[in-house]
Amino acid sequence: MKLELATQNDFDAIIAFYDDVTERTPEMATYARWSKGKHPTVEGFRAYIDEGSMYLYRENDAIVGAMAVTMYQGEDYHAIEWSKQVPDDKVAVIHILAVSPDSQGKGIGSEMIREAIRLARDRGMLAIRLDALASNTPAHKIYECLGFEYRGKQHLYAENTGWTDFYFFEYKNN
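Throughout this document, residue positions are counted from 1 along each chain, in the order its sequence is written. Where totals are concerned, whole chains, interfaces and linings use all residues; where local detail is concerned, this predicted model gives features only for residues with pLDDT of at least 70, and gives and counts side-chain atom pairs only at 80 or more. Side-chain numbers come from the whole structure's heavy atoms, not from hydrogens or water.

Novice: I'd like a description of unusual backbone geometry, backed by residues and values.
Specialist: In most cases, non-glycine residues show a negative phi, while peptide bonds are predominantly trans. Here the residue pair His 39 and Pro 40 is connected by a cis peptide bond, since its omega of -10° sits within 30 degrees of zero. In this description a helix means any DSSP run of H or I spanning at least four residues, a strand means any run of E spanning at least two, and both kinds are numbered starting from the N terminus. Structurally, Pro 40 can be placed in the loop between helix H2 (28-31) and helix H3 (42-50).

This is the structure we're talking about:
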C-alpha cells in the first residue's frame, strides 16, 4: 500500500491536490459539493496533519489520493443509532476522502478505505464510521460494497452546503 502519513512538508501539495480534485472532479457540485476555500479548509488540513490524521496515497511521487482518519468521533455522530455504543475515543472516522480525477475508477479509493480499516483495527478502535452527503450516491455504493452499513441521516449545516442531509455509515465487521 502506498498510503503514508502526511507531514507539514506536504501542506502545500495537499492544498494543491484538493483544489485540483474540487475543480476537476465530474459532478462535484452534485455529489460532494466541495468548494475551494469553504470545504475542505486550509485550517482543517493543518489540524489533520498536526494531529497525525492526514494520509496520502502517492504514485510516482505525486499525490493521487488523500484522506483524514481520526481516532475519535465528534458530537455530530452522537445522534445516530449505531450498532453498538462505544466511547468517542474508540471510534475511527474517515473524512475528506479524495482521489485525483486522473486516477478515479482504478480502485484507489477502495484501497484507501481498506487501509483506513486496517489502521483503525491496529489502533484498537471498536468502530469505524463515516458520513457523506445524501446526494453522494456513488460514494454510498462504494461504502456499502466495502462493508459499511447505512445507520441514519442528520440535517446539518456546513459552510460548503448550507443546511443539508448527511448519511452516516458504520463498518459492519468490526
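Further notes follow.
Novice: Go over the pattern of salt bridges, please, and point to the residues and values.
Specialist: Salt bridge, as used here, is a side-chain nitrogen of Lys or Arg placed within 4 Å of a carboxyl oxygen of Asp or Glu. Across all of its chains, the model carries 12 salt bridges by this definition. Here Arg 58 makes a salt bridge to Asp 10, at a shortest N to O gap of 2.6 Å. With a gap of 48 residues between them, Arg 58 in strand E2 (residues 54-59) and Asp 10 in the loop between strand E1 (3-5) and helix H1 (11-24) connect regions that are remote in the sequence. With respect to class, Arg 58 is no different from Asp 10; both count as buried. Between Asp 19 and Lys 36 there is a salt bridge, and its shortest N-O distance comes to 4.0 Å. Exposure is judged per residue with a 1.4 Å probe applied to protein chains only, and the accessible area is read against the type maximum: over 50% gives exposed, under 20% gives buried, and values in between give partly exposed.

Novice: Go over the nonpolar core, please, and point to the residues and values.
Specialist: Formed by 27 residues in total, the largest nonpolar core has its most connected members in Met 67, Ile 94, Ile 128, Tyr 143 and Phe 148. Breaking this core down by element, the ones donating at least two residues are E2, strand E3 (62-70), strand E4 (91-99), helix H4 (108-122), strand E5 (127-133), helix H5 (137-145) and strand E7 (162-171). No other element matches the 7 residues that H4 contributes to this core. Contacts are assigned to residue pairs that have any heavy atoms within 4.5 Å of one another. If near-sequence neighbours (up to four positions away) are discounted, Phe 148 is found in contact with Ile 94, Ile 113, Ile 117, Ile 128, Leu 130, Tyr 143, Phe 169, Glu 170, Tyr 171 and Lys 172. Each nonpolar core is a collection of buried residues, namely Ala, Val, Leu, Ile, Met, Phe, Trp, Tyr and Cys, held together in the definition by side-chain atoms within 4.5 Å.

Novice: Explain the packing of aromatic side chains to me, and be specific about the residues and the numbers.
Specialist: Paired rings are identified among Phe, Tyr and Trp, the last through its six-membered ring, by centres lying within 6.5 Å, and are further divided according to the angle between planes into stacked (under 30 degrees), edge-to-face (over 60) and tilted (the rest). Scanning all chains against the criterion turns up 12 aromatic pairs. With 4.7 Å between their ring centres and 35° between their planes, Tyr 18 and Phe 45 make a pair best called tilted. Here the residue Tyr 18 occupies a position in helix H1, and Phe 45 occupies one in helix H3, the gap between them amounting to 27 residues. The buried category is assigned to Tyr 18, whose relative accessible area is 2%.

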